[in-house]
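Architecture at a glance
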Amino acid sequence: MKALDRKVLRDLRLLWSQGLTIALVVASGIGGFITTLSAVDSLALARERFYTQGRFADVFASVKRAPDALAQTLLAQPGVADVQTTVEHIVRISVTGQTDPILGQLIGVDPRHPARMNLVTLASGQPLPGAAQGQAATGQGPLQALVSAGFARTRGLKPGDTVSALINGRQRTLRISGIALSPEYIFAGLGGVPDQRSFGVFWVDHDALAAAWDMQGTFNRVAVRLAPGASQPDVMARITTVLAPFGAGQAQGREDHPSHAMLDAEIKEQQVLGTVLPTIFLGVAAFLLHVVVSRLVATQREQIAALKALGYANRSIAAHYLKLVLVIVLGGLVLGIAVGDRLGTAFLGLYADFFYFPVFEHRIAPWLLGVSAGLTLLIAVAGTLGAIAATVRLAPAEAMRAPAPGHFGRTLLERLGATRTPPALQMILRNMERRPWRTGLSVAGVAAAVAIVITGNFIRDAIDHIVDTQFTLAMRSDVILSLAEPASHAVRHDIARLPGVLVVEAGRDVPVRFVNGTLSERASIQGQDETAQLQRIIDINGHAVRLPEDGLVMTDRLARKLGLRVGDTVRAEVLEGRRDTLQLTLAGTAEEMMGLNAYMARGALNRLLHEGDLASRYPVALERGSEAAFLLASQGLPRVAATFSKASLLRNMQEISARNIRIMSTVMTIFASVIAVGVVYNNARIALAERTWELASLRVLGFTRAEVSLLLLGELAICIALALPMGMVGGYALVHLIAQLLQSDQFQFPVVIQARTYAWAGICVVVAGVASALVVRRRIDRLDMVAALKTRE
C-alpha cells in the first residue's frame, strides 16, 4: 500500500464522526432522489406495459345512442386503425349491510367477440360465460359480472358474492364471477378524486346490458386506435363531426382520460419533488465537504509541505485528498441507494392503494444509478478542489510557516454603540465576523434543514385547507342527489318528503364546449340559485364568490386557457338537448383549487336554454343521524341516477391522504434532521479543532468547562437562532416554488403553512442542534490541555 493511501486511512480514522455525518447527508440526498424517481419510474413502466398488454385506446368519445353500423364509417376515417364500440352506463349500486352511496360503471362485453382494445385482465375468479344464459338474458335472474380490483378489495367482495344494481329503474342482482383489471381504470374515481369505496367498475354481458336499456344494435361509447403517424387532433375532429348527430360531445385523447390524466399528474408531481428537494440535500453535502476538507488541509499544512519537499507533485497531493472525500461520499452513495430501494418499495406500496396493475414491481433503472453516481462524484469534486487548490500551490517553505494569526476587531454591535456587551458574547461575535463566509454558509445549511421540514409538512396543511374549503365552506349539504336527466324543479317536493330532510336546493349542470377564436375547452356550466347556501363557490383564500344575476363566472385557469378577460364574450356550444349555441359574457373569475369550472345563475341559464324551470342536481341538508334512512329511502326515486354523501367522500379522502402524508412528512423530517445534525455537528467539531489552543489557554487561566463550552457552543446557538427565521422564510419561498411547479389545469395547491408546521420545523432543528452540542461538549470536557498547548518552535 502506498504511503498516501495509508495516510487516507489514518485521516478517515481521525475524522470518522465527521465523515459519517457527511455520508449521511449524501445518503439523504441520494436516497430521496432514488426513492422518488425510482417509484415514479416503476409506476411509468408498469403503466406502459399494461397499456401495451391491454391495448389501451388512443381516442374516446361518448354518444347518446348510435347504430352499430356507424363503426364502419368511423373506421373509414383517415388516421383510424381500429374502432371498438360498447354500451356503458353509470348506475347506483347497493352492497348488503352497507348504506353509503355507491356508483357503478357497467360496461358491456361480448365473450363471443373478444375485445381488441381496453382488454380486461382477470386477476382472480372465473371469466364471464360465453353467452348470456337463461333468465339473465331476458331481464330475470342475476347477471354475471367482473368487478374492478380496487372496489372489490375495499368492499371485501370476492367471487360468488352479489351486489344490487339499479339498471334503468329496475333492481338487478350482479353475481361476482371474477376480479378484473383494465387499462381504462388503473385509477378509479369520479371528479379526479381516488375513490375505491364509492365507485366500482363492473363488466357484464353486452346483450343483457343492451336489452336492459333497449339499446340492441346500438352503442354509446367508442374507442379508437390511431394508425402510425396519424394526427390525433385531426382524427378527433373527424370523429366528433361524424358522431355529432348522435348526441356526442367532443372526442377526447388519452391526455383527457381520467385514469391516464391522474397517472400522468402523479408522475409529473413526483418528478418535481424528486429533483427539487434532493438538490438541496446534495448542495448542503458539497458545502460540508468543502468546510471539512478546508479545515483538514489547513491543519495539515506542515504535512503537505513535507510531501512536496519529498518530491510529491501537486497532482498527487490533490488526488490524495480527493480519495479521502470519495471514500466518504461513496459510502453515502451506497447507503443512499439502499435507503432509496427500501423507501422506493414502500412508496410504490402507497401507489398500489389507488393505481391497479397486473404487475407492479419496484425497480431502480440503470440510468438512475448512473445519475446518482455522477451526482456523487460532482459533490466530491466540487467540495474538494476549491478547498485544496490554494494550499497545494504553496511552496514548501511557505507551507511550513504557520498561518498568520486571525485579525479580530470591534464587532458591528460595538461599532453601533453597544459597549456593554458581555465579554463572552464579544468573543463569540468577533470570531463569527472574522469568518463571515463560513458563518453565513453554516447558517444557510441549518436554514435549509428548517425549510425542508416545512416543505415536507406543508402538504398536510394544504390538504387540511382543501378539506376545510371543499367540505365545510363550499359543500354545506350532507347529500347531493344527481338526476339522470334534467327534470322539473318540482322534483324537490319528492325529495323534501324523504326522512330527515331540512333544506333542499336545486342546481343544473350543462355540458358545453367553450370557444373563443381558435381556443376551445370542454367544461360544464354549473347553474346555481343566487341565494344558494348548501353549495357555494369558495376561492383559494376561503372567500365566497357571489353569482351575478346574468353572465358567467369562470375559474381563473379556465379563463386563461381560453384567453378571456372579464367583460369578454365567449361562445358556449351546448352538448345536450337541442345543442344550442349561447353567447355569454364573462362577468367574473374565481381562483379555485380544483377543476376548470364555470358558473351561472340557474334561472338565467334556464332562460337562455328556453327549457323552463329545470334542475339536475339537488344538495340536501339533513337532520343529525338521519342520513342512513334518507339514503335508503332515496333508492326509491327512479329519476335519481347518483347519490353523493359528504361524509363518505370526506372519509375516503382522509383514509387515502392521511397515511401517505404522514409517511412523507416523517421521511422529510428525518432527512432534514440529518442535515441539521450534519451542519451543526461538523461546524462544532471544526471550531473545536481550530480553537483547541485558545480553549485550553482559557482553561489554564481559570475558565470553567461551562464557560469554555459557552464560547464554542454559543456560536452554534447564535447560528441556529439566525437560521430559524431564515429557514422559515426560505421554506415559505420553497413551498411557493413547488406549488407553482405542481400547478396544472385541473389543480392548484394552496400555499398554506400553519403555525404548527413552523413550530415543528424549529423543534426538529433545535433538538438536532442540542444533540450535536452535547456530543461536542463531552469532547470539550475531555480536552487534553497539555497536548493542546504544545507549539512548534
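Everything in this summary refers to the structure shown in the same document. Here the structure is a predicted model, which is why all the values come from computation and not from measurement.

Here the focus is the pairing of strand β19 (residues 569–574). When strand β16 (residues 507–516) meets β19, the two strands line up antiparallel, connected through four bridges. Bridging from a neighbouring strand, F514 pairs with A572 of β19. When β19 meets strand β20 (residues 581–590), the two strands line up antiparallel, connected through five bridges. Each bridged residue has a counterpart across the sheet, and for V570 the counterpart in β20 is L584. If you look at the hairpin formed by β19 and β20, you'll find six residues sitting between the two strands, and G577 has a positive phi there, around 60 degrees.

This brings us to the environment of A57. Structurally, A57 can be placed in the loop between α2 (16–54) and β1 (59–67). Taking the C-alpha atoms as reference, A57 lies 5.1 Å from R225; in sequence the two are 168 residues apart. With sequence-adjacent residues up to four places away left out, A57 is seen in contact with M117, N118, A223, V224 and R254.

The subject of this paragraph is the environment of A696. The topology assignment puts A696 in helix α21 (residues 692–700). Here the alpha-carbon distance between A696 and V708, two residues 12 residues apart in the chain, equals 8.6 Å.

In this structure, V446, I675, L712, I738, F749, V765 and V776 are the most contacted members of the largest nonpolar core, which totals 99 residues. Apart from the residues lying within four places of it in its own chain, the contact partners of V765 are V446, A449, V450, A676, I720 and L724. Core analysis: the next-biggest nonpolar cluster, separate from the first, contains 49 residues, L174, F202, L348 and F355 among them.

This part covers the pairing of strand β21 (residues 598–601). Burial of the side chains of β21 extends over both faces: A598 and M600 are buried on one face and Y599 and A601 on the other. Pairing geometry for strand β18 (residues 552–555) and β21, over two bridges, is antiparallel. Bridge assignment links V553 to a residue of β21, and that residue is Y599.

Attention now goes to the pattern of salt bridges. For the coordinates displayed, the defined rule picks out 19 salt bridges. Put simply, D494 and R497 hold a salt bridge, and the shortest N to O gap is 2.5 Å. Assessed through its relative accessible area of 35%, D494 is described here as partly exposed. Each of R47, E48, D264 and K268 takes part in salt bridges that share partners, so that together they form one network.

Turning next to a nonpolar patch on the surface. A surface patch of nonpolar side chains, amounting to about 370 Å² of accessible area, comprises W16, L20, L24 and L335. For the nonpolar patch, the leading source of residues is α2, giving three residues.

This part covers the packing of helix α15 (residues 436–474) against helix α22 (residues 705–742). Their axes nearest at 6 Å, the elements α15 and α22 cross at an angle of 45 degrees. Here α22 runs oblique to α15, going by the angle between their axes. In terms of crossing hand, the pair formed by α15 and α22 is right-handed. In terms of residue class, the contact of α15 with α22 is made up of 17 nonpolar, five polar and no charged.

Turning to the sheet that holds β1, a few remarks are in order. Here four strands make up an open sheet; going across it, the order is β2-β12-β1-β13 and the pairing antiparallel. Only two strands of the sheet have a single partner each, and these edge strands are β2 (80–86) and β13 (252–253). Direction of pairing for β1 relative to strand β12 (residues 218–226): antiparallel, over a ladder of six bridges. Residue pairing across strands places S62 opposite R221, the latter belonging to β12. Along the sheet, helix α7 (residues 232–243) makes contact with β1, β2, β12 and β13, crossing β1 at roughly 10 degrees.

Reading the values: rules and limits
In this convention, every chain numbers its residues from 1, walking through the sequence in written order. Only residues with pLDDT of 70 or above have their local features reported here, since the model is predicted, and side-chain atom pairs are shown and tallied only from 80 upward, although totals for entire chains, interfaces and linings are computed over all residues. Neither water nor hydrogens contribute to the side-chain values; these are computed over all heavy atoms in the structure. Two strands form a pair only when DSSP identifies at least two bridges running between them. A helix here means a DSSP run of H or I that spans at least four residues, while a strand means a run of E at least two residues long, and both kinds are numbered starting from the N terminus. Pairs of residues are marked as contacts when any of their non-hydrogen atoms sit within 4.5 Å. Among buried residues, the Ala, Val, Leu, Ile, Met, Phe, Trp, Tyr and Cys ones that are joined through side-chain atoms within 4.5 Å form a nonpolar core. Only protein chains enter the calculation, and the probe is 1.4 Å; a residue is then buried if its accessible area is under 20% of its type maximum, exposed if over 50%, and partly exposed in between. One speaks of a salt bridge when a side-chain nitrogen belonging to Lys or Arg is within 4 Å of a carboxyl oxygen belonging to Asp or Glu. A patch consists of residues exposed above 30% relative accessible area that lack any salt bridge, with like charges linked at up to 9 Å and nonpolar side chains (Val, Leu, Ile, Met, Phe, Trp, Tyr) linked at up to 5 Å. Reported accessibility uses the Shrake-Rupley method at a 1.4 Å probe radius. Residues are deemed covered only where the shown protein chains occlude them. Axis angles are defined between N-to-C directions and span 0 to 180 degrees, where every axis is a line fitted to C-alpha atoms and, for a helix, only to the segment in contact. Oblique is the label for any angle not under 35 degrees, not over 145, and not in the 65 to 115 range, which are roughly parallel, roughly antiparallel and roughly perpendicular in turn. For any helix crossing, the convention is left-handed if the near helix is rotated counterclockwise from the far helix by under a right angle, and right-handed if that rotation is clockwise. All residues other than Ala, Val, Leu, Ile, Met, Phe, Trp, Tyr, Cys, Pro, Asp, Glu, Lys and Arg, Gly among them, are scored as polar; the first ten of these are nonpolar and the last four charged.

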